[in-house]
Amino acid sequence: MSHEGIRFITEEEARRAQSAERELSTDAKTPAKVRVDKTGGSGMEIEWKDGHASRWTFAWLRDACPCATCHDERQHSGRKPGERKSKPETLLPMYQAPPRPESATPVGRYAISFHWNDGHQSGIYSWDYLRRHCGCGECGVG
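What counts as what
Residues numbered from 1 in each chain as written. Predicted model: local features only at pLDDT ≥ 70, side-chain atom pairs only at ≥ 80, totals over all residues. Heavy atoms only, no water. Phe/Tyr/Trp six-rings, centres within 6.5 Å; stacked < 30°, edge-to-face > 60°. Helix = DSSP H or I, 4+ residues; strand = E, 2+ residues; numbered from the N terminus. Buried < 20%, exposed > 50% of the residue type's maximum accessible area, 1.4 Å probe, protein only. Pairing = 2+ DSSP bridges. Axes fitted to C-alpha atoms, helices over the stretch in contact; angles between N-to-C directions. Contact = heavy atoms within 4.5 Å. Salt bridge = Lys/Arg side-chain N within 4 Å of Asp/Glu carboxyl O.

## Remarks on the packing of aromatic side chains
Working step 1: One pass over the full model with this rule turns up 4 aromatic pairs.
Working step 2: With a centroid separation of 6.2 Å and an interplanar angle of 75°, the aromatic rings of Phe58 and Trp116 are classed as edge-to-face. On the criterion of sequence distance, the pair formed by Phe58 in helix H2 (residues 58–63) and Trp116 in strand E5 (residues 111–116) is long-range, its members being 58 residues apart.
Working step 3: Ring centres of Phe114 and Tyr125 lie 5.3 Å apart, and the angle between their planes is 75°; this geometry places the pair in the edge-to-face category. Taken together, the residues Phe114 in strand E5 and Tyr125 in strand E6 (residues 124–126) connect sequence positions 11 residues apart. Each of the two residues, Phe114 as well as Tyr125, counts as buried.
Working step 4: The rings of Phe58, Phe114, Trp116, Tyr125 and Tyr129 are connected pair by pair, giving a single aromatic cluster.

## Overview of the sheet that holds strand E2 (residues 43–48)
Working step 1: If you walk across this open sheet you meet the 3 strands as E1-E2-E3, and the pairing is antiparallel. At either margin of the open sheet sits one strand with a lone partner, and together these are strand E1 (31–37) and strand E3 (53–56). Along the sheet, successive strands turn relative to each other by an average axial angle of 10°, direction set aside.
Working step 2: Across 4 bridges, the pairing between E2 and E3 is antiparallel. Looking at the pairing, Glu47 lines up with Ala53 of E3.

## Observations concerning the side chain of His52
Working step 1: Tracing the backbone shows His52 in the loop between E2 and E3.
Working step 2: For His52, a relative accessible area of 9% corresponds to the buried category.
Working step 3: Apart from the residues lying within four places of it in its own chain, the contact partners of His52 are Ile46, Glu47, Arg131, Cys134, Cys136, Glu138 and Cys139.

## Some words on the pairing of E1
Working step 1: Bridge count for E1 against E2 is 6 bridges, and the pairing is antiparallel. In the sheet register, Arg35 faces E2, and the bridge partner there is Glu45.
Working step 2: Linkage of E1 to E2, two consecutive antiparallel strands, is achieved through a turn of 5 residues, within which Gly41 is found at a positive phi near 75°.

## Observations regarding the environment of Lys33
Working step 1: Tracing the backbone shows Lys33 in strand E1.
Working step 2: Ignoring anything within four residues of it in the chain, the contact list for Lys33 reads Glu45, Ile46 and Glu47.

## Comments concerning the pattern of salt bridges
Working step 1: Per the counting criterion, the structure on display carries 8 salt bridges.
Working step 2: A salt bridge links Glu45 to Arg55; its shortest N-O distance comes to 3.9 Å. Taken together, the residues span a long stretch of sequence, with Glu45 in strand E2 and Arg55 in strand E3 at a distance of 10 residues.
Working step 3: When salt bridges that share partners are traced, they join Arg35, Glu45 and Arg55 into one network.

Put into structure tokens, the structure is as follows:
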């Protein structure tokens, strides 16, 4: 008997999968107010129409880029959205500027896009994607 198609997951992984599958209400994925703190560099905040508030750092947003290239690379390496890529250890590590958007642009009524200081700009962060990756204790995802 083969067990190739069986995958055991933790309780937390099961909870995340259920959370990803559930349908969000329109108010839960519609922003009432979006604030991108480019000057201060603290990140992005969204107040949702259902009264919930979400916050992400720019580092998390850059590491959670939903474009096909970043998504495939994360999936291949087993990282979750927002999880930092491991860097090889060197004797003299090179300085790398922290991720910051040079610009943030709304995409229709459903998303926001960033042009990052590392030149990357192909990710479109839908409101649904961002709400499903809210890292607050109440949502329990991230």
